[in-house]
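Notes for the structure review
Chain residues, written in single-letter form:
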Amino acid sequence: MDLQTWNDTQYAREQAQKLESYRRLNRFARKGQIVLAGSSLMEFFPVNELAQSLGLPYCIYNRGIAGYVSAQMRKALAVQVLELEPGKVFLNIGTNDLSQNLDDQLWENYPAILQEIQAALPQCRIYLMAYYPCNNRDDFGLPLQIQADMFRFRTPARLLEANRKVEALAQRFHCRYIDVNRGLCDQSGLLQAAYATDGVHFYPDGYMPVLENLLPYLAE
């Protein structure tokens, strides 16, 4: 087995273990609460710590899984969302599809995910979060090939276009679309370098503007 195959196998194993851990945690979850679900940009959101710092009274379950594409979330939807029977669910899924140029897969799976949630949880409010900005300009110390691969398809223009499609999905399925990006961008419209670990992912304080943008919807 070569190194790349080994790394891919270990990554898949970590994802499977994380999903199983969530499945076991779901047995203890309170129903009717708030769920956040998606991939790494959701998993790394320290929402409960930040919520405590603001004195927020909400019970929030984060069910993000790093590396997930929309097809994986669709398959794991029971564990990530349905078993928790939330009153509200906030979704951020698809940036890994976009990074891998799997647009057709994304726009097939995203509507299917919404349909399944609405069918299983008709009283649940669904909120579709905008894709976060990226920063493909500044130097984050990545090897040049890694940086090139990361931003080959994940460009600011494609993210803006994807957000228009997510907003259209929200209208189609009578969900709420949330532009969570206020306060994240620099004057060029890119993710502020001070918030970014690699041009895509955030340091924890980068999520505080996101939480502040979510506050009106958490309170609904």
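In this text the structure is predicted, and so the values were computed from the model without any measurement. (Residues numbered from 1 in each chain as written. Predicted model: local features only at pLDDT ≥ 70, side-chain atom pairs only at ≥ 80, totals over all residues. Heavy atoms only, no water.)

Another aspect to go through is the overall build of the protein chain. What the protein chain contains, in helices and strands, is 10 helices and five strands. Computed over C-alpha atoms, the radius of gyration of the protein chain comes to 17 Å, within 12% of the 17 Å expected from 2.2 N^0.38 for 220 residues, which places it in the range of a compact globule. For the protein chain, the spread of C-alpha atoms along the principal axes amounts to about 45 × 45 × 35 Å. Long-range pairs, those at least 24 residues apart, make up 78% of the contacts in the protein chain between residues at least 6 apart in sequence. Total accessible area on the protein chain is roughly 10900 Å²; 51% of this is exposed by carbon and sulfur atoms. Averaging the positions of the 21 positive and the 24 negative side-chain charges in the protein chain gives two centres separated by 7 Å. (Helix = DSSP H or I, 4+ residues; strand = E, 2+ residues; numbered from the N terminus. Rg over C-alpha atoms; globule rule 2.2 N^0.38 Å. Contact = heavy atoms within 4.5 Å. Areas by Shrake-Rupley, 256 points an atom, 1.4 Å probe, with all protein chains shown as cover. Lys, Arg positive; Asp, Glu negative; His and termini not counted. Charge placed at Lys NZ, Arg CZ, Asp CG, Glu CD.)

To continue, consider the pairing of strand 2 (residues 60–64). Of all five residues in strand 2, five are buried; the element is thus mostly enclosed. Where strand 1 (residues 34–38) and strand 2 come together, five bridges link them in parallel fashion. In the strand pairing of strand 2, Ile-34 is matched with Ile-60. (Buried < 20%, exposed > 50% of the residue type's maximum accessible area, 1.4 Å probe, protein only. Pairing = 2+ DSSP bridges.)

By the secondary structure assignment, Ser-39 is in the loop between strand 1 and helix 2 (40–43). Once you skip the residues sitting within four places of it in the chain, Ser-39 turns out to touch Gly-64, Ile-65, Ala-66, Gly-67, Tyr-68, Asn-92, Ile-93, Thr-95 and Asn-96.

Our next topic: the UniProt feature "domain: SGNH hydrolase-type esterase" (unreviewed entry) in the protein chain. Residues given the UniProt feature "domain: SGNH hydrolase-type esterase" (unreviewed entry) here are residues 50–207. In this annotation, residues 50–207 is assigned 39% helix and 11% strand; the end-to-end C-alpha distance for the span is 8 Å. (UniProt positions renumbered as here; feature names shortened; annotations may be inferred.)

Time to look at the packing of helix 7 (residues 103–120) against helix 9 (residues 156–172). In contact at an axis separation of 11 Å, helix 7 and helix 9 are set at 25° when each is read in the N-to-C sense. Here helix 7 lies roughly parallel to helix 9, going by the angle between them. Considering the relative orientation of helix 7 and helix 9, their crossing is right-handed. Here Asp-103, Trp-107, Tyr-110, Pro-111 and Leu-114 of helix 7 come into contact with helix 9, specifically with Arg-158, Ala-162, Lys-165, Val-166, Leu-169 and Arg-172. Within the contact of helix 7 with helix 9, the residues separate by chemical class into seven nonpolar, no polar and four charged. (Axes fitted to C-alpha atoms, helices over the stretch in contact; angles between N-to-C directions. Parallel < 35°, antiparallel > 145°, perpendicular 65-115°, else oblique. Left-handed = near helix turned anticlockwise from the far one by under 90°. Nonpolar A, V, L, I, M, F, W, Y, C, P; charged D, E, K, R; others polar.)

Under the criterion given, the structure shown has seven aromatic pairs. Seen in terms of ring centroids, Trp-107 and Tyr-110 are 6.5 Å apart; in terms of plane orientation they differ by 5°. Their pairing is stacked. Taken together, the residues span about one helical turn, with Trp-107 and Tyr-110 both in helix 7 at a distance of three residues. With 4.9 Å between their ring centres and 45° between their planes, Phe-202 and Tyr-207 make a pair best called tilted. For the pair formed by Phe-202 and Tyr-207, the shared burial category is buried. These aromatic residues form a ring-pair network of at least three members: Phe-45, Tyr-132, Phe-202 and Tyr-207. (Phe/Tyr/Trp six-rings, centres within 6.5 Å; stacked < 30°, edge-to-face > 60°.)

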